[in-house]
Each structure stands twice: as structure tokens, then as C-alpha cells.
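# Chains, contacts and geometry: an overview
If you want the building blocks of each chain, they are given just below.
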Amino acid sequence: MMTCHNLLCLTLFSLVFTIGSGCWLDDQTNHVPTDLTLNEELVLLLGLELGHELNFKEHLQNILIPRTVGSENHTLVQNYIIGTLQDLGWSISLDQFTQDTPLGPRPFTNIIADLNPASPRRMIIAAHYDTLTSIGGFVGATDAAVPVAMMLNLASTMTKSFQDALAIRPDLTPSLVFFDGEEALKSWTSEDSLYGSTHLADLWHNQTYENLDCHETTSQMDRMDVLVLMDLLGTPDPDFQSFQFDSEDDGPNPYYGMMDAIEESLDHFIPSDTKSMFNGLQSSSHVQDDCTPFWNLGLKRIHHWITRPFPSMWHTLGDNWDALDFDYIQRMNMILRIFTAEYMQMQ
Ligand SMILES: *[C@@H]1O[C@H](CO)[C@@H](O)[C@H](O)[C@H]1NC(C)=O
Ligand SMILES: *[C@@H]1O[C@H](CO)[C@@H](O)[C@H](O)[C@H]1NC(C)=O
Ligand SMILES: [Zn+2]
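What comes next concerns the included structure. (Residues numbered from 1 in each chain as written. Chains lettered and ligands numbered in written order. Predicted model: local features only at pLDDT ≥ 70, side-chain atom pairs only at ≥ 80, totals over all residues. Heavy atoms only, no water.)

## Some points on the site of ligand 1
Basically, it comes down to this: Each residue is tested against the molecule or strand, and it is near if at least one of its non-hydrogen atoms lies within 4 Å. Under this definition, polar contacts are N or O atom pairs within 3.5 Å; protein pairs additionally need one hydrogen-donor-capable and one acceptor-capable atom, and for neighbouring residues in sequence, both atoms have to be side-chain atoms. Reported accessibility uses the Shrake-Rupley method at a 1.4 Å probe radius. Residues are deemed covered only where the shown protein chains occlude them.
Neighbouring ligand 1 are the residues Ile 65, Pro 66 and Asn 73. At 2.3 Å from an oxygen atom of ligand 1 is found a side-chain nitrogen or oxygen belonging to Asn 73. Relative to its unbound accessible area of 360 Å², ligand 1 is 32% covered by the protein chains.

Below, the structure written as C-alpha cells:
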């Protein structure tokens, strides 16, 4: 095994690059993430050395304000997300639309950030950035400020490594999607909820993606290698269940399995007092969330990363900074970094 002592090593020995058949769809179907769980040096590097928990807290502080759809604070948070990612070199595209709601027409904006917009394939990490309107002053720490801050922290800590990966194999980009209007504006129904994700799933399902190398006609939706959707994260001792999104396959969800193995590897190389979060509990039901519209339109490669049962302060004013456990959050940031490195086939 090679020895790595610094970031440079990650650069030099980055990736496996398999020469594909020419059509990225085949490469997507045959994709095998690397397994970094036995590689102590890389686990330490990606887990600890690249970790900047102060960076995470700074992002969180900037978004932990009420962010109801259409409000000034919502625009502030939107600009913070966009500015942070642009400064790091990511390309932003916006999906903006106005839609009727029980409170009248409202404007919505999904934010999509690609490190390399020219890549046909996208590994997507996503969360919603709006907050519940029905409780004045609600800041939604777990719902979903922590996931959003985790995504910004991932970009802050991993952009350089992702760029090295892209230099060798430009066909697969990390992408971050920030959904608007996840929450009901009045009370949750299939119409009054999931505004942003419903629109983006529809849009990507409708839009043809021009690609010269493949014979099949493909849509923007086909570009999604995987959708990792995070929600209700940040409380102590959470339980994560494996949701089975592919009805043809009753095996465990492979993305859940990756995270489960990464957590075990961290317990081995970077011991901590945190309890195991991925315990292999399999659920046959789904939780309605921003992944649902994509699932309904045929996307199978989904990992819904959500605390279940929901945190006890869910949809109350108590879902704030004090509800959070930063040891668990640090652990989840490590897991997310290693997961994305494995998916990008770093080694
Ligand atoms: C906007 O955010 C600030 C904190 O930056 C807060 O004091 C204020 O109450 C928020 N406004 C609304 C309408 O929630
Ligand atoms: C997608 O296509 C359907 C059917 O043509 C159309 O009704 C819908 O408005 C389109 N959605 C978006 C977001 O473009
Ligand atoms: Zn919520």
C-alpha cells in the first residue's frame, strides 16, 4: 500500500481511470466506487486532516435564520450559498419559477452548483434551504440548515481534491442541489409541499440532454448518477435506516451500505464517543421528501439520509442551535467526505 502524508499524495495517486466505451451511460451503469475503508492513511486524511469544523460552524451561523419562501432572509441565505460556491469555483444555475400556493402565487428558486458543468454525469448531494412558515422565528437547524452547511463544508474542504479527480476523468462531476419550498406553506399535502423538487424533477425529466457519444436519447434526469438527499440531521445519537428505492432489488441500499462501512472504518481508525448511526435497519417504506418527485419519475439511485424516528424537536422552535451535537455532526462530515471520494473513485 502506498504511503500518503499530505494532500499532494491524494493528488498524485488520485484515481482509477477506466477508458469507457465512449458512451457515459454505460460507464454510469457499470460504475463501481472505490473502497477506502481499509486505507488508514486516506481515512485519516479525508476524515480528519481535511476537516475544518470551524468552517462548518461559520457556514451554519450564516444560514441559521428564518428562511421562509420569498422573505428577505431567504434571499440573504440564497446569496450566501451562491457566493460561497462561486468563490470556490463552482458553476451556479438557478431553476426559478412562480407557482400558486394556498397563500397565493410565490416565487421559488432551486440552486444547482456543478464543479464541472460539462460532465455528462452528476453525483448529486442535496438538501432544502427554505424553512417552515407556520411557526414565527423557526430556524430549522436540523431542517435543513445542518445539511446545507454540510454541503458548503464539503465544497470548502474537498474542491481541490474534486478538481484533481476531474482533471483525470472529466465525465463525472460532484453537484450540489439546494431545493426551495420543501415545506408546506399551510399544511402538508401532496400539492402543498415539495415545490422545488417537484419542479426540478419535472424539468430534468422533460429536458433532452444533447450527447454525441451515446446512441440513446437521454434526459437531464439520466445524468443523475445518484441523489443523496439529506434532511433532519444534527441531533445526538441518530438512527439512519436503509430505504429501498429499487423495487427490482431487495438487497440493501448500496449507498447506505457505503456509509455504514465508512462509519465502521472511522470507529477503527478515528475512535470517538459517538454511537453507531448506521445500524443496517432496513425500511420498506419511504419518507416523503425532496427525493420523492425524482423517484416518481423513475430515478432509482437514491440515498435518503434522514434521522428516523424524526428528532423530538421536529417542527418546533426547539429545532435550533441548542438541539445540535457537534461531535455527531463532525462524524457525518467525515462520512460525507469519504463517501464522495469513494464515489469519485479516488484511491
Ligand atoms: C431575519 O434574520 C435576522 C437575523 O439575521 C432576524 O433577527 C430576523 O428576525 C429575521 N427576519 C424574519 C422576518 O424572520
Ligand atoms: C414538463 O412537461 C409537461 C408535459 O409536457 C408539462 O406539463 C410541464 O409543465 C413540464 N414541466 C416543466 C417544469 O417544464
Ligand atoms: Zn421540515
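## Focus on helix H8 (residues 254–269)
Defined as follows: Labels follow the DSSP assignment, with helices taken as runs of H or I lasting at least four residues and strands as runs of E lasting at least two, numbered in each case from the N terminus. Given the number of residues in a helix, its expected span is that number minus one, multiplied by 1.5 Å. Relative accessible area decides the class of each residue, using a 1.4 Å probe on protein chains only: under 20% of the type maximum gives buried, over 50% gives exposed, and in between gives partly exposed. Should any heavy atoms of two residues lie within 4.5 Å, those residues are counted as being in contact.
The end-to-end C-alpha distance of H8 is 23 Å, a good match for the 22 Å that 16 residues give at a rise of 1.5 Å each. When we look at burial in H8, the residues that qualify are Tyr 255, Tyr 256, Met 258, Met 259, Asp 260, Ile 262, Glu 263, Ser 265, Leu 266 and Phe 269. Here the buried face of H8 lies against helix H3 (40–49), strand E7 (224–231), strand E8 (240–243), strand E9 (278–283), strand E10 (302–306) and helix H10 (326–343). The N-cap residue of H8 is Asn 253: its side-chain oxygen and the backbone nitrogen of Tyr 255 are 2.9 Å apart.

## Describing the site of ligand 2
So the rule is basically this: Ten residue types, Ala, Val, Leu, Ile, Met, Phe, Trp, Tyr, Cys and Pro, are classed as nonpolar, four, Asp, Glu, Lys and Arg, as charged, and the remainder, Gly among them, as polar.
The local shell around ligand 2 consists of His 199, Asp 202, Leu 203 and Asn 206. Contact distances for ligand 2 include 3.1 Å between a nitrogen atom and a side-chain N or O atom of Asp 202. At 2.3 Å, a side-chain N or O of Asn 206 approaches an oxygen atom of ligand 2. Surface burial for ligand 2 is 40%, taken as the share of its 360 Å² of free accessible area covered by protein chains. Along the lines of polarity and charge, the residues of the shell around ligand 2 split into one nonpolar, two polar and one charged.

## Here's the deal with the coordination of the zinc ion (ligand 3)
The condition that has to hold: In this description, a donor is an N, O or S atom within 2.8 Å of the metal centre, a cutoff extended to 3.2 Å for sodium, potassium and calcium. Water is not part of the atom list, which can make sites seem incomplete. A four-donor site is classed as tetrahedral when every donor-metal-donor angle falls between 85 and 135 degrees; four donors are called square planar, and six octahedral, when trans pairs exceed 155 degrees and all remaining angles lie between 65 and 115, with any other arrangement labelled irregular.
Looking at the zinc ion (ligand 3), the protein donor atoms are Asp 143 (OD), Asp 143 (OD), Glu 183 (OE) and His 315 (NE2), and they sit 1.9 to 2.8 Å from it. The site at the zinc ion (ligand 3) holds four donor atoms, and with the angles between them running 51 to 145 degrees, its shape is irregular. Each donor residue of the zinc ion (ligand 3) lies on the same chain, and together they follow the pattern D-x39-E-x131-H. Residue Asp 143 is found in helix H6 (residues 141–168), and its partner His 315 is found in the loop between E10 and H10; the two are separated by 172 residues along the sequence. Residue Asp 143 is classed as buried on the basis of its relative accessible area of 1%. For His 315, a relative accessible area of 21% corresponds to the partly exposed category.

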